[in-house]
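Structural overview for review
So you can see what is in the structure, the chains are spelled out below.
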Protein chains: 2
Amino acid sequence: MKAFCEGIDLSDAVLKVVKACATKTVTPVLECIKISARNDKLIIVATDGEISIQKNIKAEIYEEGDVCVPGRYFSDFIKKLEGVQITLSSDDKKMDIIYADSQTAMQVLSANDFPKIDTDINENSFSMKTADLKKFINATSFCCAGDDSRPILKGCQFVIKGKEISVTALDGFRLATIKGELISSTGDMEIVCPARTLNEIEKMIDGDGTTEIFVQKGRILVEVDDTVLTSRLYNGDFIKKDNIIPKDFTTRVKVDKSALKASIERAAILVRSDKNSLIIFDISSDKIEISSNSEIGSVQEPVKAETNGKDIKIAMNSKFIIEAVNALDEDKLVLSFNSQIQPFICENAENKERLYLILPVRTMNNA
Amino acid sequence: MKAFCEGIDLSDAVLKVVKACATKTVTPVLECIKISARNDKLIIVATDGEISIQKNIKAEIYEEGDVCVPGRYFSDFIKKLEGVQITLSSDDKKMDIIYADSQTAMQVLSANDFPKIDTDINENSFSMKTADLKKFINATSFCCAGDDSRPILKGCQFVIKGKEISVTALDGFRLATIKGELISSTGDMEIVCPARTLNEIEKMIDGDGTTEIFVQKGRILVEVDDTVLTSRLYNGDFIKKDNIIPKDFTTRVKVDKSALKASIERAAILVRSDKNSLIIFDISSDKIEISSNSEIGSVQEPVKAETNGKDIKIAMNSKFIIEAVNALDEDKLVLSFNSQIQPFICENAENKERLYLILPVRTMNNA
């Protein structure tokens, strides 16, 4: 392979693509960026086996060919050559990066070992306002499971019915769901997309326009400004959210978001070294008494609230309630409870598009 | 103790003082902030045994007394009470923090166990332009040793003779020194001040004014806006820099800083996982050939330079040369060498107030 291109183009492409490189893998080629010289362009692609990102740039091609270079070394190196023109020239053993009067050689791996990336994904699709898609991802993906014990929980479920879309994530301790409207879709579908993929998509997309997501045979494709992201989807049964979100509640509380947030955050400080970072809500007439207790000390703060229904005392992981409150965006929030061992719900007071469900923690007092 | 104060005052003081708290110590009281109520003020202080920071704030004192509270928990908690008025009330077992309708209790340790902080330090002093002091600290402290094998190398040496001051740091592999003028001093002195202390002072001071540093009995004191920092100094013999900085050189090179920096940074990328991150300068007529070599690949870049004297090939740790080049501030730099096993020097081309000396690395080729 031999090609000539602008450093700024190569740097821009490589910095986008390198995000799909694997870290800490036993398959070195997944830590590589594959560069293919074809016709009048360089096709630059990386994949960790789950997600792939590809970008093509204009180049003068003197000799077609394919080569794999160490992804992070190559991207960090090319980033420092934005201002110059670059010739890439490779054989089986190394790739020469030639610029100004200088010459760098980088080890290569055979492009034959690089996974084949299927970008022929177009059977089904749906499109949303870009701002909505960003909002949907940010509202849910933080509630995905982080560990591998149930892989499907590392993804967000997208359910499309007619013009309606809902996105749901859960990790066994809490659930986030948001619903809204599509611009269009080719039909109803249910997919579970890895949170990592969604977070990369969220960073790629921007502006007032729309984003179209293509789906075919367990894979997804998004294209933004000539950058093409594909990812596998998760197979398997996702929890039916309607089965676990209660419809009726014995206690409802309307509360000022900023006052609630400040109190929870203070109460969380004293328990931040504890395993469950436990805080307690004691809800009675016109207030939530928020408390926490550890060997460092104890907090007890009343927060004014409009309360309806039975008094309740309930314990929870402070991290989950803080993240739910932060993800809601109205001045007033509504919390809905049934009992100290049943999941409870946090929502905006008015706009109910988002819902956060949190499993309480059983304590000695309420077990 | 019982006192009443503004949250904003307490928060401001606690956030300044907490920086002196110890982390990971076997002496829990050194992780505490000590609060003393006297007359019409609260005296707030922390120390890790080496450095201490103290700030007094106005308060209504109902009962005098002293108490120690867990430093980081207390500061993070008080930071979230900037907008309210706070009553602090303590007995032997706990301190109550009372605000709005809320009440928090925090565990306390006896103030009797807290080290006595001597702020009666005024025998000797010197004063500098604040901007100069910041510059002197930033130019040298990064070259101090990080480990405890020779504690005195964890400090910067200040040598004051008449109106002249020089500050020197070294870690066994490199040396940084800067010289300049004082505004005034009470006499000649030589002290070695911990880098950690200097970095805290650097963050405290600001503006166009002057800063006075007081010295007495192996301790140092700086006061800025009612915040008083004291620190112990290091005892022992510091290396005499004049004994190790060569005066004559066989090779001198004048080079464009930005071109040199860019080349070194690229060469460093390929060796960043290697122990010594070795890069090589091969200096011959009118250029420095910069190269590096690792299992990832190899770089070879010529950088144009005005060369004088013998050709030389010399290997060095890329981190040290990058940090020295970054700490110099003219467009042109001068590098001066004697042999591939003797220390070499980096300076600005014109202003010679700063000097960086670096020990080369012996390699198979030049051992």
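Relevant structure appears above.
Just so you know, these numbers come straight off a predicted model, no measurement behind them.

Digging into the interface of chain B and chain A
Contacts between the two partners involve 29 residues from chain B, matched on the other side by 29 residues from chain A. For the pairing of chain B and chain A, the buried interface totals around 2,600 Å² over both sides, and the portion due to carbon and sulfur atoms is 55%. Our count for the chain B to chain A interface comes out at four salt bridges. Between Lys 80 of chain B and Glu 265 of chain A there is a salt bridge, and its shortest N-O distance comes to 3.2 Å. The tally of links from chain B across to chain A stands at 18 residue pairs in polar contact (both at pLDDT 80 or more). Broken down by secondary-structure element, the contributors of at least two residues to the side of chain B that touches chain A are helix 2 (71-79), strand 9 (102-107), helix 6 (257-269) and strand 22 (297-309) of chain B. Considered class by class, the residues forming the side of chain B that touches chain A number twelve nonpolar, eight polar and nine charged. Bridge analysis of strand 9 (residues 102-107) of chain A against strand 22 of chain B gives four bridges, and the strand direction is antiparallel.

A word on the relation of the copies chain B and chain A
Relative to chain A, chain B is turned by 180 degrees and slid 0.0 Å along the rotation axis, the superposed coordinates differing by an RMSD of 0.0 Å. Within this description, the copies of the chain are treated as partners about a two-fold rotation axis. Across chain B, the rotation axis passes nearest the C-alpha of Lys 24 of chain B, at a separation of 15 Å. Both copies present the same face, since 100% of the interface residues in chain B are matched by interface residues at the equivalent positions in chain A.

Overview of the packing of helix 3 (residues 130-140) of chain B against helix 4 (residues 195-204) of chain B
Residue and element names in this part refer to chain B. The geometry of helix 3 relative to helix 4 is characterised by a closest axis approach of 10 Å and an angle of 140 degrees between their N-to-C directions. For helix 3 against helix 4, the interelement crossing comes out left-handed. Facing Leu 133, Lys 134, Ile 137 and Asn 138 of helix 3, the residues of helix 4 in contact are Leu 198, Asn 199, Ile 201 and Glu 202.

Parameters and conventions
Position numbers for residues start from 1 in each chain and track the written sequence from start to end. Here the convention is simple: chains get letters from A, ligands get numbers from 1, in the order in which they are written. Under the rules for a predicted model, residues below a pLDDT of 70 receive no local features and side-chain atom pairs below 80 are neither given nor counted, while totals for whole chains, interfaces and linings still include all residues. Hydrogens and waters are ignored; side-chain quantities use all the structure's heavy atoms. Contact definition: two residues touch when any of their heavy atoms are within 4.5 Å. Buried area is calculated as the accessible area (1.4 Å probe) missing from two parts once they are joined, with the contributions of both summed. In what follows, salt bridge is the name for a side-chain nitrogen of Lys or Arg lying within 4 Å of a carboxyl oxygen of Asp or Glu. Two N or O atoms form a polar contact when they lie within 3.5 Å of each other; inside protein one atom must be a possible hydrogen donor and the other a possible acceptor, and for residues adjacent in sequence the pair counts only when both atoms belong to side chains. Secondary structure elements are defined from DSSP: runs of H or I of at least 4 residues count as helices, runs of E of at least 2 residues count as strands, and each element is numbered from the N terminus. Think of it as three bins: nonpolar holds Ala, Val, Leu, Ile, Met, Phe, Trp, Tyr, Cys and Pro, charged holds Asp, Glu, Lys and Arg, and polar takes everything else, Gly as well. The pairing criterion for strands is at least two bridges between them, as found by DSSP. Least squares is used to superpose the copies, and the fit set is the C-alpha atoms of residues whose pLDDT is at least 70 in both copies. To get an axis, fit a line to the C-alpha atoms, keeping to the stretch in contact for a helix; angles then go from 0 to 180 degrees between the N-to-C directions. Each crossing is labelled by how the near helix is turned from the far one, with a counterclockwise turn of less than a right angle marking it left-handed and a clockwise turn marking it right-handed.

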